[in-house]
Amino acid sequence: MKVKLRIKRFNPQKDRKPYWQEFEVEAEKTDRVLDALHQIRWYQDGTLGFRRSCAHGICGSDAMLINGKNRLACKALFADLGDYVTVEPLRGLPVLKDLIVDMEPFFAAYRAVKPYLINNDQPPLKERLQSPEERARFDDTTKCILCAACTTSCPSFWVNRDYLGPAAIVNAHRFIFDSRDQAAEERLDILASRDGVWRCRTIFNCTDACPRGIQVTKAIEEVKRAIMYAKV
Amino acid sequence: MKYHTYDAVVVGAGGAGLRAAIELTDVASVAVVTKLYPTRSHTGAAQGGVCAALGNTEEDHWEWHMFDTVKGGDYLVDQDAAEVMCREAIDEIYELEHMGLPFNRTPEGLIDQRRFGGHTRNFGEGPVRRACYAADRTGHMILQTMYQQSVKHDVHFYNEFHVFDLILSEDGRAAGVVAYELATGEIHIFHAKAVLFATGGFGRAFRVTSNAQTLTGDGMAVVYRRGIPLEDMEFYQFHPTGMYKMGILLSEAARGEGAILRNGLGERFMERYAPTLLDLAPRDMVTRAIYQEIREGRGAEGKDYVYLDLRHLGKQVIDEKLPDITDFVRTYFHIDPAKDLVPIQPTAHYAMGGIPTDIDGRVVVDEKNTPLPGLYAAGETACVSVHGANRLGTNSLLDILVFGRRAGAHMAKFVKENDLPPLPKDAGERVQAMLDSLLKANGHESVAKIRTDLQRDMMDLAGVYRTAEGLTKMQGILGELRERYQHIGLQDRGSLFNAELVDAVELGFLLDCSEALVSSALAREESRGGHYREDFPKRDDQRFLSHTLAYKRDNGQIELRYKPVVITRFQPKERKY
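Residues numbered from 1 in each chain as written. Chains lettered and ligands numbered in written order. Predicted model: local features only at pLDDT ≥ 70, side-chain atom pairs only at ≥ 80, totals over all residues.

Considerations on the interface of chain A and chain B
Contacts between chain A and chain B engage 41 residues on the former and 42 residues on the latter. Here the element with the most residues in the side of chain A that touches chain B is helix α1 (residues 33-44) of chain A; it accounts for three residues. Across the side of chain A that touches chain B, the residue classes break down as 17 nonpolar, 13 polar and 11 charged. (Contact = placed C-beta atoms within 7 Å. Helix = DSSP H or I, 4+ residues; strand = E, 2+ residues; numbered from the N terminus. Nonpolar A, V, L, I, M, F, W, Y, C, P; charged D, E, K, R; others polar.)

Shown next as structure tokens:
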């Protein structure tokens, strides 16, 4: 089948403002938007800018706004999208070129929540024990691939770029509810600040956008409750 | 050109690179230079598990693990290296757990373990539970944990900097690397006492592959062009269960949990090929069995694929232990593995060969294992060799952890004891010349078309089955592709995220890796592990119990030399499962 892609282009070295460009490519229903973007870059317009790596939804490189919704281009099939598809860069992060956005603000928010296990006890000679139930408590938030689909779908983030955003909260959740971690309070203090969880207005865009199926809004709510009742 | 000076530079931010950087960063100044963002590396795509003889669910010993690794590698494994890996695996897994990796747990709270291909109890008696895992996203958890630790240790990253050249000083030491900044097009010289390449494999040389778009053999090709040999490049692993046509990996963990391979007639054909281990035989054997079934007309619907049958595992096991591969199958095939048979075919997966190193990650450049001072490699880029002629499942994650750490530790010692080597005046010139030429390239050939032809022919002529005739033909084709590569044309003349230029450079890297593979494979007139010669179907220890070293000479010719295999505990035997 023939599919049309309407892509938002912008090269700051040449263009004064972004513009739309249409491309037509031959594709199968089972093809992904990423396949079509490759066809364009390889055979039609070598200047088209986008990121990608694993091409099956694990590495988190190719989140973009596809038909008005944040998705990974490698998991968005034409069978589900139809034959006319609009593609734009993620919202809320500076556009560097075409579909490539500056990820540094996103990773800075991630780093701000101390996204690593903190446990100051001398570790045992073998593994620390953790029951399957304790392990299950934070399973959902370990799935995050840092693609930014959630954070850049959040209206609260669009209007306040200092908001740490859903992805950072998800990664804090992953440690706050890990029975082996001892720094829940430090993280909850960070998330209780002006740019933390209270910016969340429970809009659920993040949950809809997550390509890993993480219950993002639920995780944020759990963090809010932990702050309010001062217990994990 | 911009200049940076560090004690050590790590190229690549997958598991091996980050593990080394974490080891180094508190004791030396380190830059991690990566063409991606750190969590984008392909370590994250590894699924099934990482083996260590913890014995958490049944009796196990590292000596059994070592034996399986040696036998699985068809006795081409260097046994001193395998011993180090399997012994140190145990503490490495505990260390990972202490870093926070969320392993699945037993009811007692220990790290849970499951079965995996080729891993056995008591030297081959039957399958053993040795693979520590986190659902079917073990690689994702390892990569995330490594990145988390990098944040904790404040590792210094240069993200989206693509290394195009290695700098050697006049006295023959590694002196740094030359990188191309994707966001600006600028050249950066990283001057350092020690350099580690941890850039992964080159699966993109083949048509059907489990590898990321970005796995183009960069590190291997960069050092190869500087006169350093590549070891055992003919040993390339095709994983039995890639998704039909797409190549996306469906973990061996599926078979570890009990899934079965079926041909078009519905038969469990592995009964005929590996009566003891059945579907959990090593990958090279299962892959050839699938090809054989297809050749004999028993493929599914008469085509070039067979089925992975997970239906009897039940929805709960599938959802809890194999959630990611279930998601892939649902997303891309629109079928449900709890109800439907999954179409699979072998997919190009892993390079057993690579840059030769010793057990401390030091790059060694000849038959006598002479190290090149300051140069290191680890992970799939390297060849220690712990995988020999065929890697066992889970051992790649173990390899990156154990040898990433060991390389980092050795580099820490090296940079303390050595001064900064002098930087050659022309350090960035070769890269500058290459960029100048690419930015002017206006020939009629397309990079994408050359790459597609390369991938198609490598798959057919240098893939699972090989012959002298096919490999010779492939050598000719590589010559033609190389000629066409001289006449490529690019549209993007810009300096901002010029992916077209990067694609062209990466194609050059793929051509180098492919040439080394094909020449090494043509010369090895035997069948061993992942290298199967239809014209020489038997293993020949008399002539070929040795590692290949392929050198690229200045005139473009490839010279092959051989070095002995290190044999300590286990004498070569016939390999049956």
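Details of the sheet that holds strand β4 (residues 69-72) of chain A
Residues and elements named next belong to chain A. If you walk across this open sheet you meet the five strands as β2-β1-β5-β3-β4, and the pairing is mixed. Both outer strands of the open sheet, β2 (19-26) and β4, are each paired with one neighbouring strand and no more. Averaged over all adjacent pairs, the angle separating strand axes in this sheet is 35°, with direction ignored. Where strand β3 (residues 63-66) lies against β4, four bridges are found, and the strand directions are antiparallel. (Pairing = 2+ DSSP bridges. Axes fitted to C-alpha atoms, helices over the stretch in contact; angles between N-to-C directions.)

Notes on the confidence of the model for chain B
The pLDDT averaged across chain B works out to 97; a share of 100% of its residues lies at or above 70. Among the prediction metrics, the complex's ipTM stands at 0.97, with pTM recorded as 0.97. (pLDDT = per-residue confidence, 0-100.)

Quick notes on the sheet that holds strand β21 (residues 546-552) of chain B
All names here are of chain B. Spatial strand order, β10-β21-β22: three strands in an open sheet with antiparallel pairing. This sheet does not close on itself; its edge strands, each paired only once, are β10 (230-231) and β22 (558-564). Across two bridges, the pairing between β10 and β21 is antiparallel. Across the sheet, residue Leu230 finds its bridge partner in β21, namely Ala550. Running over the sheet, helix α15 (residues 499-523) touches β10, β21 and β22 and is turned about 60° from β22.

Let's talk about the domain arrangement of chain B
For chain B, the domain assignment lists domain 1 (241-347) and domain 2 (429-529). On a C-alpha basis, the centres of domain 1 of chain B and domain 2 of chain B stand 32 Å from each other. (Domains from an automatic or database assignment.)

A few points about the environment of Ala13 of chain B
Residue and element names in this part refer to chain B. Within the fold, Ala13 resides in the loop between β1 (2-11) and α1 (15-24). On the basis of neighbour counts, which here come to 30 C-beta atoms within 10 Å, the residue Ala13 falls in the buried class. Sequence separation of Ala13 and His42 is 29 residues, and the distance between their C-alpha atoms is 9.5 Å. Setting aside residues no more than four positions away along its own chain, Ala13 makes contact with Leu18, Val32, Thr34, Pro38, Ser41 and Phe157. (Buried ≥ 20, exposed ≤ 12 C-beta atoms within 10 Å, placed from the backbone.)

Some points on the domain arrangement of chain A
Residue and element names in this part refer to chain A. We note that the domain assignment places domain 1 (2-101) and domain 2 (104-228) within chain A. Computed from C-alpha atoms alone, the centre-to-centre distance between domain 1 and domain 2 is 28 Å. Facing the 14 residues of domain 1 at the interface are 14 residues of domain 2. Considering every element that reaches the side of domain 1 that touches domain 2, the biggest residue donor is β4, with four residues. Considered class by class, the residues forming the side of domain 1 that touches domain 2 number six nonpolar, four polar and four charged.

What about the pairing of strand β13 (residues 306-309) of chain B?
Residue and element names in this part refer to chain B. Across three bridges, the pairing between strand β12 (residues 260-262) and β13 is antiparallel. Each bridged residue has a counterpart across the sheet, and for Leu261 the counterpart in β13 is Leu308. Examined bridge by bridge, β13 and strand β14 (residues 342-351) share three bridges and lie antiparallel to one another. From the neighbouring strand, Tyr307 faces β14, where its bridge partner is Pro343.

A look at helix α2 (residues 62-72) of chain B
Residue and element names in this part refer to chain B. Taken across its 11 residues, α2 has 10 buried, putting it largely inside the fold. Each element contacted by the buried residues of α2 is listed here: β3 (50-51), α3 (79-99), β4 (113-121), β5 (126-132) and α11 (395-417). One or two steps after α2, the chain reaches Asp74, where phi turns positive at roughly 55°.

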